[in-house]
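Coordinate analysis (summary)
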Amino acid sequence: KVSAMEGRIARLEGVLGDGELAALYPDVCTAMDVLDRKLSLLQPGAVQHVATQVSKLEEKLKKGGDGGAAAAVTAKLGKLLETVERWDSVALLLPSILARLKSLRAVHEGAASAVAGVEEVKSRQERVSKALREQQTALEEAKGTLRENVAVMLSNLQTVEARVQKLEAGKA
């Protein structure tokens with residue numbers, strides 16, 4: 001299971017890129033939250049609203065008459081419009097990136113639960129090993145005690161047999 005999960009994570013990382021997001025965000029959840037907020041700002045309605053406002057401001061500046069200041073503001077507004085248009089195309093990619101990150105979150109959670117399962121198995125294995133060692137020690141002690149008891153019984157039997165022989169010899 002772990003190797004299969006590692007393979008899935010590697011494939012997801014391959015799909016997501018070479019770790020550019022890892023340098024920007026500490027974890028997948030943070031990346032998803034930030035990207036989700038950015039995506040909501042780049043909805044087509046919001047982008048269209050900004051473009052409309054830029055157009056209105058350009059018209060006001062043209063009517064205003066101050067050529068130098070108007071040109072500077074117009075240049076800034078032009079740059080802003082280019083940025084908005086560039087992010088408009090990026091906004092189309094964000095849903096698929098978020099979907100990938102959400103699937104990666106599920107894989108990450110699965111890996112975390114697998115690691116917890118492995119830790120539990122290790123813990124159980126250690127407890128079983130300890131119990132087996134204790135049972136082995138108890139068995140060895142029981143064998144030693146049984147050997148001692150057999151030796152005492154044999155000695156007692158020999159003593160009893162010697163007495164019986166003496167008594168039989170004395171009667172005869």
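What counts and how
Residues numbered from 1 in each chain as written. Predicted model: local features only at pLDDT ≥ 70, side-chain atom pairs only at ≥ 80, totals over all residues. Heavy atoms only, no water. Helix = DSSP H or I, 4+ residues; strand = E, 2+ residues; numbered from the N terminus. Buried < 20%, exposed > 50% of the residue type's maximum accessible area, 1.4 Å probe, protein only. Contact = heavy atoms within 4.5 Å. Areas by Shrake-Rupley, 256 points an atom, 1.4 Å probe, with all protein chains shown as cover. Salt bridge = Lys/Arg side-chain N within 4 Å of Asp/Glu carboxyl O. pLDDT = per-residue confidence, 0-100. Core = buried A, V, L, I, M, F, W, Y, C linked by side-chain atoms within 4.5 Å.

Describing the overall build of the protein
A count of helical and extended segments in the protein gives five helices and zero strands. For the protein, the N- to C-terminal ordering of α and β elements is α-α-α-α-α. Going through the 172 residues of the protein one by one, you find that 12% of them count as buried. At a minimum sequence separation of 6, the contacts of the protein that also span at least 24 residues come to 76%. In the structure as shown, the protein presents an accessible area of about 13400 Å², 60% of it carried by carbon and sulfur atoms.

Overview of the pattern of salt bridges
Across all of its chains, the model carries two salt bridges by this definition. A salt bridge links Glu120 to Arg124; its shortest N-O distance comes to 3.1 Å. Of this pair, Glu120 and Arg124 both sit in helix H5 (residues 67-171), four residues apart, which is roughly one turn of that helix. Among the residues examined, Glu120 registers a relative accessible area of 35% and is labelled partly exposed.

Side note on the confidence of the model for the protein
Within the protein, residue pLDDT values average 79, and 77% of them lie at 70 or more. Summarising per-element confidence for the protein, the mean pLDDT is lowest in helix H2 (residues 20-24) (60) and highest in H5 (86).

Concerning the nonpolar core
In a soluble, globular protein the nonpolar side chains are often hidden away together inside. Core analysis: the largest hydrophobic core is formed by seven residues, namely Ala31, Met32, Leu35, Leu39, Leu94, Leu98 and Leu101. Counting residues per element, this core draws most heavily on helix H3 (residues 28-41), which supplies four residues. With residues near it in sequence (within four places) discarded, Leu39 still touches Ala91, Leu94, Pro95 and Leu98.

Details of the environment of Ile97
Mapped onto the secondary structure, Ile97 falls in helix H5. Take Ile97: its relative accessible area is 24%, and that puts it in the partly exposed class.

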